[in-house]
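# Architecture at a glance
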Amino acid sequence: MRLTIDGLPVVFPYDYIYPEQYAYMLELKRTLDAKGHCVLEMPSGTGKTVSLLALIIAYLQVNSSEIQKLIYCSRTVQEINKVMEELKRLRRSYQEEVGVAPEMVGVALSSRKNLCIHPEVSKQEEGRLVDSSCHKLTASFVRQRHQKNNSIPVCLFYEEFDARGRAEQLPSGIYDMSDLKELGRQKGWCPYFLARYAVEQANVVVFNYSYLLDPKIAGLVSKKFSKKAVVVFDEAHNIDNVCIEAMSVNISRRTLDRCQANIDVLSKKIRDVNEEQLREEYQRLVEHLQEARQNRDTDVQMANAVLPDEVLQEAMPGNIRRAEHFIGFIKRFTEYLKTRLRVQHVVAETPTYFLQHIQQSVCIERKPLRFCSERLHSLLWSMELLDTANFSGINLVANFATLISTYTKGFSLIIEPFDDRAPTIYNPVLHFSCMDATIAIKPVFSRFQSVVLTSGTLSPLDMYPRLLDFQPVTVGHFSITLAKPCVCPLVVSRGNDQVAITSRFESRADAAVVRNYGNLLVDMSAIIPDGIACFFPSYEYMDSVVLVWVEQGIMSKVQRNKLVFIETRDSGEISVALKNYFLACDNGRGAVLLAIARGKVSEGIDFVDHYGRAVIMFGIPYVYTQSRILKARLEYLRDQFQIRENDFLTFDAMRHAAQCVGRALRGKTDYGIMVFADKRFGRHDKRSKLPKWIQEHLKESLCSLSTEEAIQVGRITLQYHTMAYPRHQSCSQAPKPKEFVC
């Protein structure tokens, strides 16, 4: 269909548009007109993705001089594929409505593991092994050897792309990962390097957050993108944590042992290598650092911490130019780190103090530390090493050296003698933790014309501009219009024995609380016909609760009603559990999935329709508040952004709770019961931080229910949804069950 949004002609690839989609596109249009940034919240399943694409593509067509590129960032491969499907549908709609498809190229970029078509390399299961195997076949020095000796293997797909693919531009169209792989097979080109090359000319680029936010990757992929671009961060509710993780480093004794082994290998290699190679490398470093960085895309194998531009203008410090001097330098730095890990109590200090201490103790200055990552990369390339995956230890230490000597503000260094998960086992770890999310995302806001943060769970909306330190021109929330009351949130505050239920630390071991949680699950599993997803605040709490349930016979009662699957820390086991969970729901047996807030299931898995007729949130998923890293961040937020500790902790817990219960509603025709099983959810300070589309349906009468009352409400809700109801009828015509009237 064709419509006009504030004077802009838009092609929409569906027969009808929801009111919230129209309002969403209107606010997005105003943001693009103002050339600013925005924060927009709209529930999942309401067509947020297609609304974004339809409006921005239309804007690109009409205002090509102002906006030249759409950079769409998502989190998982599944979400990237969904975006590409909508792009293809939109392109077909242009063909049908306008008579001609828009002249544009859309490309999805992912890792080598997802794009490789080499018959041997693609068999590797781990991404790092795929990267390493690719490097062995495509490195420039390997290709030079191949020219002299044909028996040395190279990647024929890359050779063909390098010979012919760079001279050709992709024809107008949308290319998802499967399309790129198919094109690669047809032409004999490498799909990964084809995508890397195509993103520069493409009008629409879809890839993972890390290609913009992680400085170790962003400098390689998105450095040449035009400023006249719109950046969309979809599912951006956790973007501050993504930024912080991208800039943080953890070093353990095992890391230093691997680093020491790497140093020994490199020392031996330096003695055996051709002196002419090292002399040439030395000469390049003397001339200039930027000239020393070889612009060969196949040689960028080890991730490097990115230095500021002004540092890259400097020459490499003289005391680390020669290979043997650099190895001696990094060895001294490693030995120093080993002494710092010999602690019996927690040590917390600033980067500035660390740099002062290392200079006084072992005479290591700040400037050579800043160049460690670049110097290591140059050395590995010059020595023509193939097994770069085995040098992760020294690479991590070099990255740490570069980071701690480059960023003195917004970071904290904490050395802990014991791991929180095993407080009785001596296992010292050095945490160099980023406290300030703006360090990673500020270049994005300052570089690109418009940045859009959007998700279904961004409430409270004013928190993200404060956390990320930017001024949005538009902040908007859009409710969901429903023909039937498909959302049924309720707060269970007590069991049938009237004992309050909560996951507070003081009460979580209470047998009555655990028993009431179990009885709630038993009763829900008896009335819910299909799948139930349950979320706990942590693995430790889930393990303790399940153990008690087994001892009390509660688990056997649940298993009489449904099969039970549990999320573990192993990704392979999770995949098997999910596969069988969906199978049990499909064959009518029904299933219960016990999962973790902040886990893989809570963030990336959609429980569409009968896969998630109910979601139970057992307790409020507060982060581990005794973590010293968290305490340091809370102190930083209080001092720098005037965000109180309790406000941030509650905000963080409620956004993850909303993300968990939001799994129950993945579309307007879907429906589900959202159970908040903790008395604290009924308080105003907690409820007010839930997304408004949940608040609107969480009536006062549903904010303090017993288990029996919750079961009764759930039974009424399910009976109501068994009534046939035409999808196209308006909301005003929908009959309301009397039991929902407060």
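Worth saying up front: this structure is predicted, and the values here are computed from it rather than measured.

## Structural notes on the sheet that holds strand β6 (residues 173–175)
Strands sit in the order β6-β5-β7-β4-β8-β13-β3-β14 across an open sheet of eight strands; the sheet is parallel. Edge strands, defined here as strands with exactly one partner in the open sheet, are β6 and β14 (474–477). Each neighbouring strand pair of the sheet contributes to a mean axis angle of 15 degrees, computed without reference to strand direction. For strand β5 (residues 105–108) and strand β7 (residues 204–208), the ladder comprises three bridges, and the chain directions are parallel.

## Examining helix α3 (residues 77–97)
Its 21 residues give α3 an end-to-end C-alpha distance of 30 Å, which sits within 8% of 30 Å, the value for a rise of 1.5 Å per residue. Here α3 has its buried residues at Glu79, Ile80, Val83, Met84, Glu86, Leu87, Leu90, Ser93 and Tyr94. With its phi angle positive at about 95 degrees, Gly99 sits one or two positions after the end of α3.

## Focus: the pattern of salt bridges
For the structure shown, the criterion picks out 32 salt bridges. One salt bridge in this structure joins Lys88 and Asp176, with 3.0 Å as the shortest N-O distance. Of the two residues, Lys88 sits in helix α3 while Asp176 sits in the loop between β6 and α8 (177–187), which places them 88 residues apart along the sequence. Across the salt bridge formed by Glu700 and Arg687, the nearest N and O atoms sit 3.0 Å from each other. You can see Glu700 sitting in the loop between α32 (692–695) and β21 (705–706) and its partner Arg687 sitting in helix α31 (residues 684–687), a full 13 residues away along the chain. By sharing partners, the salt bridges in this structure join Asp240, Arg598, Arg633, Asp652 and Arg655 into a single network.

## Describing the packing of helix α1 (residues 19–34) against helix α2 (residues 48–62)
Between α1 and α2, the least distance of the axes is 10 Å, while the angle of their chain directions is 40 degrees. What the angle tells us is that α1 and α2 run oblique. Regarding α1 and α2, the two cross each other, and that crossing is right-handed. Every residue of α2 that contacts α1 at Gln21, Tyr24, Met25, Leu28, Lys29, Leu32 and Asp33 is listed here: Lys48, Val50, Ser51, Leu52, Ala54, Leu55, Ile56 and Tyr59. Among the residues forming the contact of α1 with α2, the class breakdown is ten nonpolar, two polar and three charged.

## Side note on the packing of helix α20 (residues 372–382) against helix α21 (residues 392–406)
The contact between α20 and α21 brings their axes to 7 Å, and the two run at 145 degrees. Contacts between α20 and α21 involve Cys372, Ser373 and Leu376 from the first element and Ile394, Asn395, Ala398, Asn399, Ala401 and Thr402 from the second. Grouping the constituent residues of the contact of α20 with α21 by class yields five nonpolar, four polar and no charged.

## A word on the confidence of the model for the protein
Scored by pLDDT, the protein has a mean of 85; 91% of the residues are at 70 or more. Every residue in residues 299–307 is under pLDDT 50, and counting partners more than four places away or in other chains gives 42 contacts. Every residue in residues 727–742 is under pLDDT 50, and counting partners more than four places away or in other chains gives 22 contacts.

## Overview of the sheet that holds strand β20 (residues 672–677)
Reading across from one edge, β17-β18-β16-β19-β20-β15-β21 is the order of the seven strands in this open sheet, with parallel pairing throughout. The strands lining the two open edges of the sheet, one partner per strand, are β17 (563–566) and β21. Where β17 meets strand β18 (residues 591–596), four bridges bridge the pair, whose relative direction is parallel. When the sheet's bridge partners are listed, Phe565 is paired in β18 with Leu593. Here helix α25 (residues 539–552) sits on the sheet in contact with β16 (531–536), β17, β18 and β19 (614–618), set at roughly 140 degrees to β18.

What counts and how
Residues numbered from 1 in each chain as written. Predicted model: local features only at pLDDT ≥ 70, side-chain atom pairs only at ≥ 80, totals over all residues. Heavy atoms only, no water. Pairing = 2+ DSSP bridges. Helix = DSSP H or I, 4+ residues; strand = E, 2+ residues; numbered from the N terminus. Axes fitted to C-alpha atoms, helices over the stretch in contact; angles between N-to-C directions. Expected span 1.5 Å × (residues − 1). Buried < 20%, exposed > 50% of the residue type's maximum accessible area, 1.4 Å probe, protein only. Salt bridge = Lys/Arg side-chain N within 4 Å of Asp/Glu carboxyl O. Parallel < 35°, antiparallel > 145°, perpendicular 65-115°, else oblique. Left-handed = near helix turned anticlockwise from the far one by under 90°. Contact = heavy atoms within 4.5 Å. Nonpolar A, V, L, I, M, F, W, Y, C, P; charged D, E, K, R; others polar. pLDDT = per-residue confidence, 0-100.

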